[in-house]
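Each chain, written out:
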Amino acid sequence: KSQGEAPTPNMRAAIGDAAFLTQMEKNSDIVVMNAYAPLLVNVNPGARQWRPNLIGYDGLRVYGSPSYYAIKLFSTNLGDEILKATATDTDVLVSATRDSRTGTIYVKLVNPTAVDVPVAIDLTGAKSLASTATAMTLAADPQVTNTIDAPRRVVPVTSTVTGVRPGFTYTVPKSGIVSLTLRSRVARP
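Predicted model only: the values in this text are computed from it and were never measured.

A.B. asks: Which parts of the structure should I look at to understand the overall build of the protein?
C.D. replies: A count of helices and strands for the protein gives 2 helices and 11 strands. Beginning at the N terminus, the succession of helices and strands in the protein can be written as α-β-β-β-α-β-β-β-β-β-β-β-β. Taken over C-alpha atoms, the radius of gyration comes to 18 Å for the protein, in line with the 16 Å a tight globule of 189 residues would show. For the C-alpha atoms alone, the extent of the protein along its principal axes is close to 55 × 35 × 30 Å. The buried share of the protein, taken over its 189 residues, is 44%. Within the protein, contacts between residues at least 6 apart in sequence are counted, and of these 68% link residues at least 24 apart. For the protein, the computed accessible surface area is about 10300 Å², with 54% contributed by carbon and sulfur atoms. The averaged location of the 14 negative side-chain charges in the protein is 4 Å from the averaged location of its 19 positive side-chain charges.

A.B. asks: How should I be thinking about the packing of aromatic side chains in this particular structure?
C.D. replies: In this description, an aromatic ring pair is defined by two values, namely the gap between the centres and the angle between the planes. Tallied over the entire structure, the rule returns 1 aromatic pair. Geometrically, the ring pair formed by Tyr68 and Tyr69 is edge-to-face, given 5.0 Å between the ring centres and 80 degrees between the ring planes. A relative accessible area of 12% places Tyr69 in the buried class.

A.B. asks: How should I be thinking about the nonpolar core in this particular structure?
C.D. replies: Nonpolar side chains in soluble globular proteins generally cluster together in the buried interior. If you look at the biggest cluster of nonpolar residues, it comprises 25 residues, and the most contacted ones within it are Val107, Leu109, Ile121, Phe168, Tyr170, Leu180 and Leu182. Looking at this core, the elements with two or more residues in it are β5 (93–98), β6 (105–111), β7 (117–122), β8 (129–139), β10 (167–172) and β11 (176–184). Excluding its chain neighbours within four sequence positions, the residues that come into contact with Tyr170 are Leu109, Val117, Pro118, Val119, Ile121, Ala135, Thr137, Val161, Val178 and Leu180.

A.B. asks: What should I look at first to understand a nonpolar patch on the surface in this one?
C.D. replies: On the surface, Leu39, Leu40, Tyr57 and Val62 cluster together to form a nonpolar patch covering roughly 370 Å² of accessible area. With respect to the helices and strands, Leu40 occurs in strand β1 (residues 40–42).

A.B. asks: How should the environment of Gly103 be read in this particular structure?
C.D. replies: Tracing the chain through its elements places Gly103 in the loop between β5 and β6. Its relative accessible area of 4% is what places Gly103 among the buried residues. In sequence terms Gly103 and Ala14 are 89 residues apart; their C-alpha atoms lie 29 Å from each other.

A.B. asks: Would you mind showing me how to read the confidence of the model for the protein here?
C.D. replies: When pLDDT is low, close inspection of the predicted coordinates is not appropriate. Looking at the protein as a whole, the pLDDT averages 91, with 96% of positions reaching at least 70. Averaged pLDDT values over the elements of the protein bottom out at 90 in strand β4 (residues 81–83) and peak at 98 in strand β3 (residues 62–64).

Cut-offs applied
- In this numbering scheme, every chain counts its residues from 1 along its sequence in written order.
- Owing to the predicted nature of the model, reporting of local features is limited to residues with pLDDT of at least 70; listing and counting of side-chain atom pairs is limited to 80 or more, with chain, interface and lining totals taken over all residues.
- As a rule here, side-chain values cover all heavy atoms of the structure and leave hydrogens and water aside.
- A run of H or I in DSSP becomes a helix once it reaches four residues, and a run of E becomes a strand once it reaches two; helices and strands are each numbered from the N terminus.
- Note that the radius of gyration is over C-alpha atoms, with the globule rule given as 2.2 Å times the number of residues to the power 0.38.
- Summary of the burial criterion: residues with accessible area below 20% of their type's maximum are buried, those above 50% are exposed, and those between are partly exposed, where the area comes from a 1.4 Å probe applied to protein chains only.
- The contact rule is simple, with two residues in contact once any of their heavy atoms fall within 4.5 Å.
- Residue burial considers only the protein chains on display, and all accessible areas are found by Shrake-Rupley using a 1.4 Å probe.
- In this tally, Asp and Glu contribute negative charge and Lys and Arg positive charge; neither His nor the terminal groups of the chain are included.
- Throughout, a charge is located at the NZ atom of Lys, the CZ atom of Arg, the CG atom of Asp or the CD atom of Glu.
- Any pair of Phe, Tyr and Trp rings, taking the six-membered ring for Trp, is counted once the centres come within 6.5 Å. Such a pair is stacked with planes under 30 degrees apart, edge-to-face with planes over 60 apart, and tilted for the rest.
- Remark: nonpolar core denotes a set of buried residues (Ala, Val, Leu, Ile, Met, Phe, Trp, Tyr, Cys) joined through side-chain atoms within 4.5 Å.
- Patch construction takes residues with relative accessible area above 30% that form no salt bridge. Like charges are linked within 9 Å, and nonpolar side chains (Val, Leu, Ile, Met, Phe, Trp, Tyr) are linked within 5 Å.
- For salt bridges, the criterion is a side-chain nitrogen of Lys or Arg within 4 Å of an Asp or Glu carboxyl oxygen.
- Per residue, pLDDT measures the predictor's confidence, with a range of 0 to 100.

Structure (structure tokens):
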């Protein structure tokens, strides 16, 4: 049956991977490392042995799956201090870290639902936040995936968030994964 399915994960799988990573990040004082396996798949007809694989390739091209981009969002937007983060009255999963050197806060939001969800971001303990932030958003229909011929169908999109303050609301898109980067107005020494 799996031979008729895409060799790499779709957006629904990326949502599951990101949900798992929010919990890993909350426990990063205990969890040192995580690995995705299997990693690579030759997408030529008859070349693969199993699915899903994180990255697809043929003799000339390579592409990352939605799960690849979800994992990359988490691995490249990470502080060294775990912050308490919860989302109440919603199905959105959340984790947050801070870079102790720069004061930058990284908030990850994962919306597994089929509707956009507003989430209250409570940063009452944060001081001197810049009024704008950067959002990296990975969102698509849950069944969509990237392919060797459409390698950028599902990729993160970067945007600017305005109105950032200790308590603000951010709307997480349906079937979406968001990494918010909140910077201090003045960098720590």
